[in-house]
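Read off the chains here:
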Amino acid sequence: MLFSSDRLKDLSRLLFLKSGSDEREADIVSNHVVDACLSGHDSHGVIRVAAYVNAVKKGELFPNRPATTMLETDSLLVLESNHGYGQVVAHDATDAGIAKARKSGIAMVTVREAGHFGRLGAWAERAAEAGQATIYFANSARPGGAQLAPFGGSDRRLNSGPVCLGMPVEGKDPVILDISTASVAMGKVRLARNRGTPLREACVVDANGKLTDDPNALYGPPPGALLPFGGHKGSGLCIFTDLFGGILSGAGANYRGEPCEWYPHNNMVAIHIDVAQLGYGHGLTQQVMDYAEWIKESPSPNPEGVLMPGEFEVLNRKKRRETGIELDEKTWEQLLEAGEAFGVPREEAKRIAFGNA
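Residues numbered from 1 in each chain as written. Predicted model: local features only at pLDDT ≥ 70, side-chain atom pairs only at ≥ 80, totals over all residues. Heavy atoms only, no water.

A. Focus on the overall build of the protein. Each helix and strand in the protein was counted, giving twelve helices and twelve strands. Taken over C-alpha atoms, the radius of gyration comes to 20 Å for the protein, in line with the 21 Å a tight globule of 357 residues would show. Counting over 357 residues, the protein shows a buried share of 51%. Here the analysis covers contacts within the protein between residues at least 6 apart in sequence; of these, 68% occur between residues at least 24 apart. Accessible surface, the protein as shown: approximately 16,400 Å² in total, 54% of it carbon and sulfur. Looking at the protein, you have 37 positive and 44 negative side-chain charges, and the mean spots of the two groups are 3 Å apart. (Helix = DSSP H or I, 4+ residues; strand = E, 2+ residues; numbered from the N terminus. Rg over C-alpha atoms; globule rule 2.2 N^0.38 Å. Buried < 20%, exposed > 50% of the residue type's maximum accessible area, 1.4 Å probe, protein only. Contact = heavy atoms within 4.5 Å. Areas by Shrake-Rupley, 256 points an atom, 1.4 Å probe, with all protein chains shown as cover. Lys, Arg positive; Asp, Glu negative; His and termini not counted. Charge placed at Lys NZ, Arg CZ, Asp CG, Glu CD.)

Here it is in C-alpha cells:
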C-alpha cells in the first residue's frame, strides 16, 4: 500500500498525541519516522510507531520526559534521558553539540537511557547543516538484550550498535555514513519478518547453529543470533559501540540474562567538529567535492553509478516524495491496532492516511 509522506506524518503525529506526547514531541518524532521512510530506511520509519506507543502503554517509554544534565562544561555535555523519546533527546543533544562546538571548536555529547534514537544519520545531517563534522557511536544495552554473536562465537553477546560519520559540504548535500555493525540492521530483520521475506543474506545463526536467511530464526523459540558484518572487523567495531556508546556514556554494556524483547534503551556518544574553525575556508569543501568526483568517476554497471555515502538517502527522498511510501500489510495493521488502543477508530485512521479526512 502506498501513502503520501504528509498523510503518514499526520497519522503518526495523531498517535503520538493520543498516547500522551505534547505538540513539540509529536512533531519531532513523526517528522523523524516519516523522513526515515523517505530516505529509504523503512526499518527506522513508520514501522516503529506502533512499537513506540505500545512501549508508552507498558510504561517502558515516557512521553514529555526531559533529559537531566549530569555534567556540563564548555565542550562536554552528559545527558540522562530518563527513558524519554530518543528522537527528542537526540534532537536537543545535537543542537547542544552544535552550540558547544561552535564555541570551542570541538565538543562531545553523551546520552544514556533514552528511547530509540531512530536513524542516526538524521542527526549527522542536522549537524552538517550547521557546518559540523560528526562521529557517533550508539548501543542498546539491557539485560537479556544481546542480539549479535561475536566473531568466533555462536550465541548472543553484543548489540547491533550503529556507527555514523558526517561531513558537511557547503552548498551541497553532506557525506553521511550511517551503518549498523550487524550484517543486517535489527530493524530490517523486523521488516523482513513483517513482510514474510528472507534476509538479503544468510546472516542468522539459529538455535541449532545453522546459518540461515530466515528472519524468524533470530526470534525463535529458541532464539538465534545475528552475525556482525565483515567478520572480525565488524565484530571489533561493534565492541566499540558498546565501549564508546555504552560504557563511555555511563550507561554500560550489560547483556547478561535470558534473551528478551524489551523496549530498547539507547545510549550514544556524539563528537562535533566545527570545520570552519580549522582555518581551511572554502578549501575544505572544494577538496571534499574534488575527492567525491574522483570516487564517482569509477566505471560502474549501475545506472546511478558510484554513490557517495548519503546519496542513497538523497535519491530515495526525491523518488518517494513523488511516488509515495509503501507499507506492508502487517505494519499497516499494527498502526491500526495501536490507534484503536489509544482511541483512534480504524475508519478515522484510514481517512487520515488515505486523504479522505
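We are not done yet, so read on.
B. The arrangement of the layout of surface pockets in detail. The space that makes up the largest pocket amounts to roughly 800 Å³. What lines the largest pocket is a set of 42 residues, among which His44, Asp178, Ile179, Ser180 and Ala185 lie closest to the centre. Mapped onto the lining of the largest pocket, the elements with two or more residues apiece are strand 5 (132-139), strand 7 (175-180), helix 6 (186-195) and helix 10 (311-323). In terms of residue count, strand 7 provides more of the lining of the largest pocket than any other element does, five residues in total. Here the residues of the lining of the largest pocket are counted per class, giving 17 nonpolar, 16 polar and nine charged. (1 Å grid on protein atoms, 1.4 Å probe; cavity = no way out; pocket = protein on both sides within 12 Å on 5 of 7 lines; lining within 4 Å. Points joined across faces, edges and corners; volume = space filled by probe spheres on them. Nonpolar A, V, L, I, M, F, W, Y, C, P; charged D, E, K, R; others polar.)

C. Just the sheet that holds strand 7, in detail. Taken in spatial order, the seven strands line up as 2-3-4-11-5-6-7 in an open sheet, and their pairing is mixed. This sheet does not close on itself; its edge strands, each paired only once, are strand 2 (68-72) and strand 7. When the angles between neighbouring strand axes are averaged without regard to direction, this sheet yields 10°. In the packing of helix 8 (residues 232-248) onto the sheet, the strands contacted are strand 5, strand 6 (162-167) and strand 11 (266-274), and the crossing angle to strand 5 comes to about 95°. (Pairing = 2+ DSSP bridges. Axes fitted to C-alpha atoms, helices over the stretch in contact; angles between N-to-C directions.)

D. The pattern of salt bridges, seen in detail. For the coordinates displayed, the defined rule picks out 19 salt bridges. Residue lysine 103 pairs with aspartate 74 through a salt bridge whose shortest N-O separation is 3.5 Å. Taken together, the residues span a long stretch of sequence, with lysine 103 in helix 4 (residues 86-104) and aspartate 74 in the loop between strand 2 and strand 3 (76-80) at a distance of 29 residues. Classification of aspartate 74 as partly exposed rests on a relative accessible area of 47%. Between arginine 119 and glutamate 125 there is a salt bridge, and its shortest N-O distance comes to 3.1 Å. Considered together, arginine 119 and glutamate 125 belong to a single accessibility category, that of buried residues. Ionic contacts of the salt-bridge type, sharing partners, join the residues Asp35, Arg119, Glu125 and Arg317 into one network. (Salt bridge = Lys/Arg side-chain N within 4 Å of Asp/Glu carboxyl O.)

E. Highlighting the packing of helix 3 (residues 49-58) against helix 11 (residues 329-341). Two elements in contact, helix 3 and helix 11, have axes separated by 9 Å at closest approach and are oriented at 30°. The angle between helix 3 and helix 11 falls in the class roughly parallel. Handedness of the helix 3/helix 11 crossing: left-handed. Counted together, Val49, Ala50, Val53 and Lys57 of helix 3 and Gln334, Leu335, Ala338 and Ala341 of helix 11 form the full contact between these two elements. Here the contact of helix 3 with helix 11 is built from residues that sort into six nonpolar, one polar and one charged. (Parallel < 35°, antiparallel > 145°, perpendicular 65-115°, else oblique. Left-handed = near helix turned anticlockwise from the far one by under 90°.)

F. Main features of the nonpolar core. Membership of the largest hydrophobic core comes to 35 residues, with the highest contact counts inside it found for Phe16, Val46, Tyr52 and Tyr85. Counting residues per element, the ones that place at least two in this core are helix 1 (5-18), helix 2 (23-38), helix 3, helix 11 and helix 12 (346-354). Considering each element in turn, this core owes the most residues, seven residues, to helix 2. (Core = buried A, V, L, I, M, F, W, Y, C linked by side-chain atoms within 4.5 Å.)

G. A look at helix 11. Helix length check: helix 11, at 13 residues, gives a terminal C-alpha distance of 18 Å against a target of 18 Å (1.5 Å per residue), a fit within 8%. Buried within helix 11 we find Thr331, Trp332, Leu335, Leu336, Ala338 and Gly339. Burial along helix 11 is one-sided: seen end-on, the buried residues are contained in an arc of 160°. Turning to helix 11, the residues buried within the fold contact strand 1 (2-3), helix 1, helix 3, helix 6 and helix 12. The N-cap of helix 11, judged by a side-chain oxygen 3.1 Å from the amide nitrogen of lysine 330 a few residues on, is aspartate 328. Phi turns positive, to about 85°, at glycine 343, one or two residues after helix 11. (Expected span 1.5 Å × (residues − 1). Arc of directions from axis to C-beta. Polar contact = N/O pair within 3.5 Å; in protein donor to acceptor, adjacent residues only side chain to side chain.)

H. Just the pairing of strand 6, in detail. With four bridges joining them, strand 5 and strand 6 adopt antiparallel strand pairing. Within the sheet, the bridge partner assigned to threonine 134 lies in strand 6 and is glycine 166.

I. Expanded view of empty space enclosed by the protein. Summed over all chains, the structure comprises one cavity of 30 Å³ or more. Computed from the structure, the largest cavity encloses a volume of approximately 40 Å³. What lines the largest cavity is simply Asp42, Ile47, Leu191, Arg195, Glu326, Leu327, Asp328 and Thr331. A per-class count over the lining of the largest cavity returns three nonpolar, one polar and four charged.

J. Representation of the sheet that holds strand 9 (residues 211-212) within the structure. Pairing within the open sheet is antiparallel, and its three strands lie in the order 9-8-10. With partners counted over all chains shown, the strands left at the sheet margins are strand 9 and strand 10 (225-226), one partner each. One ladder, built from two bridges, connects strand 8 (residues 204-205) with strand 9; its direction is antiparallel. Bridge assignment links valine 205 to a residue of strand 9, and that residue is leucine 211.

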